[in-house]
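Inside the fold
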Amino acid sequence: MSQSSATPLAAPAIQVPAIQVPAVPLLQLGTWVVFFGLLAMLAIFFVSADQGALSLFAGNAVHEWVHDARHLLGYPCH
Amino acid sequence: MGTVPRDRSVLSPAAFLLRGLAVGLAAGLIAFVVAFALGEPYVDDAIALEEAAAAQPPAEHPEHAEEAQEPAGQDGMVEISRENQKSWGLLTGTLAIGAALGGLAALAAAAVLGRLGLSARGSTALVALVGFVAVTLVPFTKYPATPPAVGSGETIGGRTASYFALLLVSVLAAIAVVVLANRLRARYDGWTAAFVGAGVYLVVVTGTGLLLPTVNELGDFPADTLWYFRRSSLVTLAALWASIGVGLTVLVGRMHDRAAADLARRELAASL
Ligand SMILES: [Zn+2]
C-alpha cells in the first residue's frame, strides 16, 4: 500500500518505492490492551450495571446519576 | 547509513489510544445531543406512565420499582432531579461510554493496521463497522433498549447476565472471524473471505441468541412509545459509532500518511 501523500513533508518527485509502514507489534500492543481494557471495562461497568445487577458502591447515587444513559445506550435497567 | 532512527515512522499504541480517547469524547458529546433531542421525550413519557401506574396502588415512592422496596432516606440513597438526570447525568454516561469505546476501537485499529490487506483508512473504518455490529447491533436485536417502567427489579441480575453474555460472545466471535477471514484471504479473494467470515459470525451469534433466555416484561406498556424509545436509542448508538468511525478514520489515516512520508524520506536519504 503506497500512501506517499502530497503533504509538504513528502519526498521530492523522484521515483519513490512503495512504502509499507510497519505494523504495530502485537506484543507491544497487548500491554496497552490490558491496561486500557481494564479502565474501559470499569467505565462501562459504572454506566451499565453498578447499583443495578451488581453493586461496587452502596446506595443508588451512581445508578441515579447515569440512569438515562443506561436506558438510552441500551443497557439493562429497571 | 544502516541505522535509521525509529521515531515518527513507527506507529505507537499510545498515539492510537490518545486519538481514540479524543474521538470517543467527541462522539460521546454528539451521542448526548442526539439522545437528549430524540430520546429524552420518550424517557419522560415512560416515567410519567410509571408514576401514573405507581399512583394507582396506595401511594408509594413512585420513581423506581427497586426504590419502592428501599425507601429513600436510607444511607447512600439519593434522589437526583430529572433535570440533572437528563442533562449532566446523561452527558456523563455518553462521555464515559464514548471514551471507552473510542479507546478500544483505536487499539483495535492499531492491531489491524497493515495486517488485513487494506489501506490504513479502510482497516480503521472496518473496525468501527464491526464494532457497531458486534458491540451494539447484535446485542440490541436480542435485548433491545427498554424505557423506564419496563422491566422488573427482581430480574435485573438475569437480564444483565444475559445481555453481557451475548455481548461477550459477539465480540469474541467478531475478533475470531476477522482472524479467520484474514487467513482465508491468502487462498481465496478478499470478498469471499469477508463473506465467509460474516456468515460464520452470524451463525455463532444467532445460535447464542437462541440459547439465551428471552426477556418480555412489557406488560401493557404502549407499543408506540416503546418503538419511539428504541428507535431513538438505536439512532443514538449509531451516531456514537459513526462519529467514532469517521473521526478515527481521519486521524489514523493522517497519522499513517505522516509515518509513510517520513519513512519514504528516510529511505530516499539512505539510498542517495
Ligand atoms: Zn432505570
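Residues numbered from 1 in each chain as written. Chains lettered and ligands numbered in written order. Predicted model: local features only at pLDDT ≥ 70, side-chain atom pairs only at ≥ 80, totals over all residues. Heavy atoms only, no water.

A closer look at the packing of aromatic side chains
Under the criterion given, the structure shown has nine aromatic pairs over all chains. Centre to centre, the rings of A:Tyr75 and B:Phe164 are 6.4 Å apart; their planes meet at 10 degrees, and the pair counts as stacked. Of this pair, A:Tyr75 sits in the segment after helix 3 (67–72) while B:Phe164 sits in helix 5 (residues 156–184), each in a different chain. Note on B:Phe164: relative accessible area 26%, which makes it partly exposed. Aromatic pair B:Tyr42 and B:Tyr228: ring centres 5.5 Å apart, planes at 40 degrees, arrangement tilted. Taken together, the positions of B:Tyr42 in helix 1 (residues 13–55) and B:Tyr228 in helix 7 (residues 223–271) put the pair 186 residues apart, joining distant regions of the chain. (Phe/Tyr/Trp six-rings, centres within 6.5 Å; stacked < 30°, edge-to-face > 60°. Helix = DSSP H or I, 4+ residues; strand = E, 2+ residues; numbered from the N terminus. Buried < 20%, exposed > 50% of the residue type's maximum accessible area, 1.4 Å probe, protein only.)

So, the domain arrangement of chain B
Residue and element names in this part refer to chain B. According to the domain assignment, chain B contains domain 1 (11–54 + 82–149 + 222–272) and domain 2 (151–217). Computed over C-alpha atoms, the centres of domain 1 and domain 2 are 19 Å apart. Between domain 1 and domain 2, the contact holds 12 residues from the first and 18 residues from the second. Summing the contributions of domain 1 and of domain 2, the shared interface buries around 1,300 Å²; its carbon and sulfur component is 66%. The tally of links from domain 1 across to domain 2 stands at zero salt bridges. One can count seven residue pairs in polar contact (both at pLDDT 80 or more) joining domain 1 with domain 2. (Domains from an automatic or database assignment. Contact = heavy atoms within 4.5 Å. Buried area = accessible area lost by both parts, 1.4 Å probe. Salt bridge = Lys/Arg side-chain N within 4 Å of Asp/Glu carboxyl O. Polar contact = N/O pair within 3.5 Å; in protein donor to acceptor, adjacent residues only side chain to side chain.)

Points about a nonpolar patch on the surface
A surface patch of nonpolar side chains, about 380 Å² in accessible area, is lined by B:Leu168, B:Leu172, B:Ile175 and B:Val179. Locating B:Leu172 in the fold gives a position in helix 5. (Patch = residues over 30% accessible without salt bridge, like charges linked within 9 Å, V, L, I, M, F, W, Y side chains within 5 Å. Areas by Shrake-Rupley, 256 points an atom, 1.4 Å probe, with all protein chains shown as cover.)

Topic: the packing of helix 1 (residues 26–48) of chain A against helix 3 (residues 82–112) of chain B
Interaxial distance between helix 1 of chain A and helix 3 of chain B falls to 9 Å at its minimum, and their mutual angle equals 160 degrees. Regarding the angle of helix 1 of chain A to helix 3 of chain B, the classification is roughly antiparallel. Here helix 1 of chain A runs over helix 3 of chain B; the crossing is left-handed. For the pair formed by helix 1 of chain A and helix 3 of chain B, the contact residues are A:Leu26, A:Leu29, A:Trp32, A:Val33, A:Phe36, A:Gly37, A:Ala40, A:Ala43, A:Ile44 and A:Val47 on the first element and B:Gly93, B:Ala96, B:Ile97, B:Ala99, B:Ala100, B:Gly103, B:Leu104, B:Leu107, B:Ala110 and B:Ala111 on the second. When its residues are assigned to classes, the contact of helix 1 of chain A with helix 3 of chain B shows 17 nonpolar, three polar and no charged. (Axes fitted to C-alpha atoms, helices over the stretch in contact; angles between N-to-C directions. Parallel < 35°, antiparallel > 145°, perpendicular 65-115°, else oblique. Left-handed = near helix turned anticlockwise from the far one by under 90°. Nonpolar A, V, L, I, M, F, W, Y, C, P; charged D, E, K, R; others polar.)

What about the UniProt feature "transmembrane region" (unreviewed entry) in chain B?
Residues and elements named next belong to chain B. The UniProt entry lists residues 16–38, 88–113, 125–141, 161–181, 193–212 and 232–253 under the feature "transmembrane region" (unreviewed entry), expressed in the numbering used here. Between the end C-alpha atoms of residues 88–113 there is a gap of 36 Å, over a span that is 96% helix and 0% strand. A distance of 29 Å separates the end C-alpha atoms of residues 193–212, which is 95% helix and 0% strand. (UniProt positions renumbered as here; feature names shortened; annotations may be inferred.)

Focus on the pattern of salt bridges
Residues and elements named next belong to chain B. Tallying each qualifying case throughout the model produces eight salt bridges over all chains. Residue glutamate 217 is joined to arginine 159 by a salt bridge in which the shortest nitrogen-to-oxygen separation is 3.4 Å. Remark: arginine 159 occurs in helix 5 and glutamate 217 occurs in the loop between helix 6 (190–211) and helix 7; sequence separation between them is 58 residues. Under the relative-accessibility criterion, arginine 159 is labelled buried at 8%. Across the pair aspartate 262 and arginine 266 runs a salt bridge, and its minimum N-O distance is 2.9 Å. In this pair, aspartate 262 and arginine 266 both sit in helix 7, four residues apart, roughly one turn of the helix. Exposure class is identical for aspartate 262 and arginine 266. Each is buried.

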